[in-house]
Amino acid sequence: MKYFSGVVLFCVITLFAAAQSKDEKAVRDVLQLQTTAWNNGNIDAFMQSYWKNDSLLFVGKSGPTYGWQNTLEGYKKRYPDTTAMGKLQFTLLQVKPLGSEYYFVLGKFHLQRTIGDLSGIFTLLFRKVNGKWVIISDHTSAS
């Protein structure tokens, strides 16, 4: 019976690890899609990774912004053209599951721009909504 229990436990742990790996890859893929969209000068595509909800929270130097539309408008105001946007690079420092529905991401960003580079740090909270990983909270600080 001990052997059987051990096999069952091993299978459960293996399945859980596989699910985590699949979810972590999906979260990392979202960030890669964001990078590609940004570097193509497409803020609308970049924003598809965010939760389309009035409860979306974005925190930047101006304080909190609530809602998908308000966040989109803020990005477009701060980055009106590809010169302001530059080329984005993320460095992920931590990608951590917080249960089956949430992921926490800590990272650095760097914008290489002809008008002066911009870099900083961010924390993201992802949630799985209708089978899709979306950002529900973003705190970004430029240095």
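For the structure itself, consult the block above.
Reading guide: rules and limits
- Residues numbered from 1 in each chain as written.
- Predicted model: local features only at pLDDT ≥ 70, side-chain atom pairs only at ≥ 80, totals over all residues.
- Heavy atoms only, no water.
- Salt bridge = Lys/Arg side-chain N within 4 Å of Asp/Glu carboxyl O.
- Helix = DSSP H or I, 4+ residues; strand = E, 2+ residues; numbered from the N terminus.
- Buried < 20%, exposed > 50% of the residue type's maximum accessible area, 1.4 Å probe, protein only.
- Pairing = 2+ DSSP bridges.

Engineer: Can you help me understand the pattern of salt bridges in this one?
Structural biologist: Side chains that carry opposite charge are capable of pairing whenever their charged atoms lie near each other. Evaluation of the coordinates by the stated rule reveals five salt bridges. Lys 128 is paired through a salt bridge with Asp 23; the nearest N and O atoms lie 3.1 Å apart. Of this pair, Lys 128 sits in strand β5 (residues 118–129) while Asp 23 sits in helix α1 (residues 2–39), and the two are 105 residues apart along the sequence. We classify Lys 128 as partly exposed; its relative accessible area is 31%. What makes Asp 23 buried here is its relative accessible area of 13%.

Engineer: Can you walk me through the pairing of strand β3 (residues 87–97) in this structure?
Structural biologist: A regular strand places its side chains on the two faces of the sheet in alternate fashion. By the bridge criterion, ten bridges tie β3 to strand β4 (residues 102–112) in an arrangement that is antiparallel. Directly across from Gln 94, in β4, lies its bridge partner Leu 106. Linkage of β3 to β4, two consecutive antiparallel strands, is achieved through a turn of four residues, within which Gly 99 is found at a positive phi near 105°.

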